[in-house]
Amino acid sequence: MQGDLALRAGGDRLLVADTVAAVVESLVQAWRQVRMELLVPLLRGAVVACMVMSVIVLAEKVFLGVVSAVVKLLRRRPARLYRCDPVVVEDDDEAGRASFPMVLVQIPMYNEKEVYQLSIGAACRLTWPADRLIVQVLDDSTDAIVKELVRKECERWGKKGINVKYETRKDRAGYKAGNLREGMWRGYVQGCEFVAMFDADFQPPPDFLLKTVPFLVHNPRLALVQTRWEFVNANDCLLTRMQEMSMDYHFKVEQEAGSSLCNFFGYNGTAGVWRRQVIDESGGWEDRTTAEDMDLALRAGLLGWEFVYVGSIKVKSELPSTLKAYRSQQHRWSCGPALLFKKMFWEILAAKKVSFWKKLYMTYDFFIARRIISTFFTFFFFSVLLPMKVFFPEVQIPLWELILIPTAIILLHSVGTPRSIHLIILWFLFENVMALHRLKATLIGFFEAGRANEWIVTQKLGNIQKLKSIVRVTKNCRFKDRFHCLELFIGGFLLTSACYDYLYRDDIFYIFLLSQSIIYFAIGFEFMGVSVSS
């Protein structure tokens, strides 16, 4: 009896083992079939798509680089292409000063305790007849102490003979766009011919108006003079050095090329001078996206107005020193343009006052290639496709796609900041990580998701001496503010791929994967930039 039970139990165990083996074998066979019939073809298709996108990105970089280089080689400076004779009158009497146009200087701010004195002081020191200049401080501050400080600073300059207007409003409807729009409704603005704008951390040199306004005075088709940003805190930390490299390329290549090609580029929202007539004709400031500056520029450009970028005029400003501030800024700068492109695509195509080539530049180069394809390619190719290739050796990526094109793109980008050429590899890895954040923001904007119109003012820290009060603390931060889960997930995926490549593949590809994962973890754990105690 016991022997029969033992035999039956043994038979049951063998049956279970055979069943498990059969199930495992069927799963293995199913995986192999899915792998070869679905995943491998899908990844090969992704490789082809990335090849096309990489060529588009490279072509756009080469095109803009060539245009910028030709401009420099032929010395086609704005001063040689446009009349910009100084607005100078020898007689310092009332009649002489009246020959200067009325200029409004707008300074929108929001709880800018660290920099309000710098921006107001710089605006009030501009070299221009006092009776032909109005400095309008648009204070949206919610902190009563900061509000009082800003008001007193305006009064202090008013006692020195500067026409300073301190303006507030009941709420922050429309954020910066709403603030600027309400500022333009003031009665005294109607007498101003030109409007200069500076964010709260910008410090224009005293001769700023003397150098920019003549372009608008002598060239009636010019709507905007945009100047270059210069950064006072570029050496603060590695984060600011990375930003400097991206921003220098933007101004020295992208803005200069757009100005030279078709007299159009995206207004940077500050350090520029507008013809007030153009702002009115274009419909004023719109708050439908977080890219109110680009919105105004597009509407003005579609009316046939021209822009000029003058890179020789530099305005001091501050780069975000904290990763949180930088991420908020990049979300706004990626989300806003995506939503704007969605809203204005058909309007651009239907515009009758601009040429076909200008429309092509606006849609393809300005939006699609530079902001959509470039962002998607950078993230997907380097952070998804390449680590996936480790697990699928059947998928081959051509050498030119794997090495030559990325190297060319990196080198083309490095021309903006020669002093940081030794950081170009770090910049490349950093931009790959930020592409994830920008892609997410682009999708949020395009699909008008929950954070599509989120506006968080970029935190400023002021003078470098004030950094003494900065400490690295995170214990009082919320979990979601301390860690970025998407970056940590991709970092873990890259680390796993690097380990697998090192153990089972006969190549050195793991070096790139490991390096990229380290930067993902550095940003995921906020180990870049400075942290400010609350």
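Residues numbered from 1 in each chain as written. Predicted model: local features only at pLDDT ≥ 70, side-chain atom pairs only at ≥ 80, totals over all residues. Heavy atoms only, no water.

1. Things to note about the overall build of the protein chain
Part 1 of the reasoning: Scanning the protein chain for helices and strands turns up 17 helices and seven strands.
Part 2 of the reasoning: Looking at the protein chain as a whole, 52% of its 534 residues qualify as buried.
Part 3 of the reasoning: Contacts in the protein chain between residues far apart in sequence, at least 24 positions, make up 82% of those at least 6 positions apart.
Part 4 of the reasoning: Accessible area for the protein chain stands at about 25,200 Å²; split by element, carbon and sulfur atoms hold 61% of it.
Part 5 of the reasoning: Here the protein chain contributes 65 positive and 56 negative side-chain charges, whose respective centroids are spaced 1 Å apart. (Helix = DSSP H or I, 4+ residues; strand = E, 2+ residues; numbered from the N terminus. Buried < 20%, exposed > 50% of the residue type's maximum accessible area, 1.4 Å probe, protein only. Contact = heavy atoms within 4.5 Å. Areas by Shrake-Rupley, 256 points an atom, 1.4 Å probe, with all protein chains shown as cover. Lys, Arg positive; Asp, Glu negative; His and termini not counted. Charge placed at Lys NZ, Arg CZ, Asp CG, Glu CD.)

2. Side note on the domain arrangement of the protein chain
Part 1 of the reasoning: As far as domains go, the protein chain holds domain 1 (39–68 + 370–456 + 479–525) and domain 2 (83–88 + 98–354).
Part 2 of the reasoning: Domain 1 and domain 2 are separated by 32 Å when their C-alpha centres are compared.
Part 3 of the reasoning: With 43 residues of domain 1 at the contact, the number on the domain 2 side is 42 residues.
Part 4 of the reasoning: Across the domain 1/domain 2 interface, buried area totals approximately 4,000 Å², and carbon plus sulfur atoms make up 60% of it.
Part 5 of the reasoning: The shortest N-O distance in the salt bridge between Arg-370 and Glu-254 comes to 4.0 Å.
Part 6 of the reasoning: Mapped by element, the contributors of at least two residues to the side of domain 1 that touches domain 2 are helix 1 (2–73), helix 12 (356–391), helix 13 (399–414) and helix 14 (424–446).
Part 7 of the reasoning: Tallying contributions element by element places helix 14 first for the side of domain 1 that touches domain 2, with 14 residues.
Part 8 of the reasoning: Considering only residue class, the side of domain 1 that touches domain 2 consists of 20 nonpolar, twelve polar and eleven charged. (Domains from an automatic or database assignment. Buried area = accessible area lost by both parts, 1.4 Å probe. Salt bridge = Lys/Arg side-chain N within 4 Å of Asp/Glu carboxyl O. Nonpolar A, V, L, I, M, F, W, Y, C, P; charged D, E, K, R; others polar.)

3. Looking at a nonpolar patch on the surface
Part 1 of the reasoning: Together, Val-55, Leu-399, Trp-400, Ile-403 and Leu-404 line one region of the surface with nonpolar side chains, adding up to about 480 Å² of accessible area.
Part 2 of the reasoning: For the nonpolar patch, the element with the most residues is helix 13, which contributes four residues.
Part 3 of the reasoning: The class of Leu-404 is exposed, set by a relative accessible area of 54%. (Patch = residues over 30% accessible without salt bridge, like charges linked within 9 Å, V, L, I, M, F, W, Y side chains within 5 Å.)

4. Let's talk about helix 17 (residues 510–524)
Part 1 of the reasoning: Relative to the 21 Å expected for 15 residues at 1.5 Å per residue, helix 17 spans 20 Å between its end C-alpha atoms, a close match to the ideal helical length.
Part 2 of the reasoning: Within helix 17, the full set of buried residues consists of Phe-512, Leu-513, Gln-516, Ser-517, Ile-519, Tyr-520, Ala-522, Ile-523 and Gly-524.
Part 3 of the reasoning: Immediately downstream of helix 17, the backbone of Glu-526 shows phi near 55 degrees, a positive value. (Expected span 1.5 Å × (residues − 1).)

5. Observations regarding the packing of aromatic side chains
Part 1 of the reasoning: Enumeration over the complete set of coordinates arrives at 32 aromatic pairs.
Part 2 of the reasoning: Aromatic side chains Phe-202 and Trp-229 sit 5.0 Å apart centroid to centroid with 75 degrees between the ring planes, which places their arrangement in the edge-to-face category. Taken together, the residues Phe-202 in the loop between strand 4 (194–197) and helix 7 (208–218) and Trp-229 in strand 5 (residues 222–231) connect sequence positions 27 residues apart. Grouping residues by exposure puts Phe-202 and Trp-229 together as buried.
Part 3 of the reasoning: Three or more aromatic residues joined by ring pairs make a cluster, and in this case those are Phe-264, Phe-265, Tyr-267, Trp-274, Phe-307, Phe-341, Phe-345, Trp-346, Phe-366 and Phe-367.
Part 4 of the reasoning: Directly above the ring of Tyr-188 sits Lys-165, whose terminal nitrogen or CZ lies 5.1 Å from the centroid.
Part 5 of the reasoning: In this structure, Lys-342 is placed above the aromatic ring of Phe-446, and the distance from its NZ or CZ to the ring centre is 6.0 Å. (Phe/Tyr/Trp six-rings, centres within 6.5 Å; stacked < 30°, edge-to-face > 60°. Lys NZ or Arg CZ within 6 Å of the ring centre and 35° of its normal.)

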